Protein chains: 2
Amino acid sequence: MDAIDLSLVELLQGNARLSYAELARQVGLSAPAVHERVGKLESSGVIRAYRAEVEPESIGLGVTAVIGLVEDSGADTDDVLEAVRRMPEIDSCYFMAGVESFLLKARVGTIAELEQLIVRLNRTPGVASTRTGVALSTKWENRPQPLGPAS
Amino acid sequence: MDAIDLSLVELLQGNARLSYAELARQVGLSAPAVHERVGKLESSGVIRAYRAEVEPESIGLGVTAVIGLVEDSGADTDDVLEAVRRMPEIDSCYFMAGVESFLLKARVGTIAELEQLIVRLNRTPGVASTRTGVALSTKWENRPQPLGPAS
DNA sequence: GGCTGAGGTCGATAGCGTCCACGGACTGTG
DNA sequence: CACAGTCCGTGGACGCTATCGACCTCAGCC
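Residues numbered from 1 in each chain as written. Chains lettered and ligands numbered in written order. Predicted model: local features only at pLDDT ≥ 70, side-chain atom pairs only at ≥ 80, totals over all residues. Heavy atoms only, no water.

(A) Just the nonpolar core, in detail. Of all hydrophobic cores here, the largest spans 40 residues; its most connected members are A:Tyr50 and B:Tyr50. Residue assignment for this core shows that the elements contributing at least two residues are helix H1 (3–14), helix H2 (20–27), helix H3 (31–43) and strand E1 (47–54) of chain A together with helix H1 (3–14), helix H2 (20–27), helix H3 (31–43) and strand E1 (47–54) of chain B. Residues within four places of A:Tyr50 in sequence aside, it is in contact with A:Leu12, A:Ala16, A:Val38, A:Glu42, B:Leu12, B:Gln13, B:Gly14, B:Asn15, B:Ala16, B:Arg17, B:Arg51 and B:Ala52. (Core = buried A, V, L, I, M, F, W, Y, C linked by side-chain atoms within 4.5 Å. Buried < 20%, exposed > 50% of the residue type's maximum accessible area, 1.4 Å probe, protein only. Helix = DSSP H or I, 4+ residues; strand = E, 2+ residues; numbered from the N terminus. Contact = heavy atoms within 4.5 Å.)

(B) Focus on the sheet that holds strand E3 (residues 90–96) of chain A. Taken in spatial order, the eight strands of this closed barrel run E2(A)-E4(A)-E3(A)-E5(B)-E2(B)-E4(B)-E3(B)-E5(A), and their pairing is antiparallel. When the angles between neighbouring strand axes are averaged without regard to direction, this sheet yields 35 degrees. Here strand E2 (residues 63–71) of chain B runs beside strand E5 (residues 127–140) of chain B; their pairing, made up of eight bridges, is antiparallel. Bridged to B:Gly68 within E5(B) is B:Arg131. Each of strand E2 (63–71), E3, strand E4 (102–108) and strand E5 (127–140) of chain A touches helix H5 (residues 111–123) of chain A; the most contacted strand, E5(A), lies at about 150 degrees to it. (Pairing = 2+ DSSP bridges. Axes fitted to C-alpha atoms, helices over the stretch in contact; angles between N-to-C directions.)

(C) View of the packing of H1(B) against H3(B). Residues and elements named next belong to chain B. Where H1 contacts H3, the two axes come as close as 11 Å, and the packing angle between them is 80 degrees. With respect to H3, the element H1 is oriented roughly perpendicular. Judged by residue contacts, Ile-4, Asp-5, Leu-8, Val-9 and Leu-12 of H1 engage Val-34, Arg-37, Val-38 and Leu-41 from H3. Taken together, the residues that form the contact of H1 with H3 break down as seven nonpolar, no polar and two charged. (Parallel < 35°, antiparallel > 145°, perpendicular 65-115°, else oblique. Nonpolar A, V, L, I, M, F, W, Y, C, P; charged D, E, K, R; others polar.)

(D) View of the protein's contact with DNA strand C. Around DNA strand C, the surrounding shell holds 13 residues, and the nearest of these are A:Ser30, A:Arg37, A:Lys40, B:Ala21 and B:His35. Each atom of DNA strand C within 4 Å of the protein was classed as base or backbone; sugar and phosphate made up 82%. Note that a phosphate oxygen of DNA strand C is positioned 2.5 Å from one of the side-chain N or O atoms of A:Arg37. Note that a phosphate oxygen of DNA strand C is positioned 2.8 Å from one of the side-chain N or O atoms of B:His35. Of all the secondary structure elements, the ones that give two or more residues to the surface near DNA strand C are H3 of chain A together with H2 and H3 of chain B. Of the residues contributing to the surface near DNA strand C, the split by class is seven nonpolar, three polar and three charged. (Near = heavy atom within 4 Å. Polar contact = N/O pair within 3.5 Å; in protein donor to acceptor, adjacent residues only side chain to side chain.)

(E) Expanded view of the interface of chain A and chain B. Between chain A and chain B, the residue contacts involve 65 residues of the former and 65 residues of the latter. Summing both sides of the interface, chain A and chain B together bury roughly 6,200 Å²; the carbon and sulfur share of this comes to 52%. Area buried by chain A at its contact with chain B is led by A:Arg17, A:Arg51 and A:Trp140, which between them contribute 14% of it. A salt bridge links A:Arg48 to B:Glu53, with the shortest nitrogen-to-oxygen separation between them at 3.4 Å. There are 48 residue pairs in polar contact (both at pLDDT 80 or more) connecting chain A and chain B. Among the elements of the structure, H1, E1, E2, helix H4 (77–85), E3, E4 and E5 of chain A are those that each provide at least two residues to the side of chain A that touches chain B. Of the residues belonging to the side of chain A that touches chain B, the class tally is 36 nonpolar, 15 polar and 14 charged. Where E3(A) lies against E5(B), four bridges are found, and the strand directions are antiparallel. In the sheet register, A:Tyr94 faces E5(B), and the bridge partner there is B:Thr138. (Buried area = accessible area lost by both parts, 1.4 Å probe. Salt bridge = Lys/Arg side-chain N within 4 Å of Asp/Glu carboxyl O.)

This is the structure in structure tokens:
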């Protein structure tokens, strides 16, 4: 990971569809060289994926909620995790310090669907309670990360 | 937004670097047709951007925190928002229902940097208090959204 | 010095992006 | 019904890109 790799990562964070030729021009290398570097960034796991960022409203997902989840004493954390993973509405999942072991971000179409999701979560074995906050609006999300001079 | 547009969005959510030719094969249209459809999805705002998803640790951002922010009574919400926006560590910002007007997700390199960020937030005019939770691990994030039959 | 490996350039070729002219299915109208 | 207009697609063409293989260069090491 040198300075050129960092620039490549930064460029691709900004626009994942840049051509190798364009990347090459920006960093001052040839296209094959860039191709190889990006390939290594991908296979070493620095670049995990390339995703189109979609406006949730336009695909019928207008409601965003954040859910803190408290586990039963004696719950199997892996089982809970697996159950949560199977709910496609849950688009992010963090294991947290604190009473609420998990913090979930969910995206659904309507408040009614959110209600159903919460009920399903509360019924899940190992889940003691949940606490849900509803986002009224998303100001921004997943802003490209500032590239600290890395590892 | 018909079924083909939905497939295109779904395919690009999964891999933003697919070529138009490949997309065309997958949805059974010609490349120029796909090119035009994707162009319209972009300019109508359905597709906001294409981003490389980067492993935060590898660019020196190993600490994820979630911060609830309570505004002063009489604070100017727009000013608070502007101040928060200027902090590049804050990668997501939601305006929430509840006492904590904003929920922020931050990404920093070390706990020391997190401390500085929190101090800066608490010093910001209009901010009454903050409450921070630290993520011990990220199970997953920004999973491709399930494509409900959309608008 | 001479080997070796990493990482670059160059050149070639197949395939892709993108522009354009053209054509069929709907739709509203005389 | 015939007509024109619109929408949305196809196919062809052409320049640019992706990607492979051959070769070059430099650093480290025996």
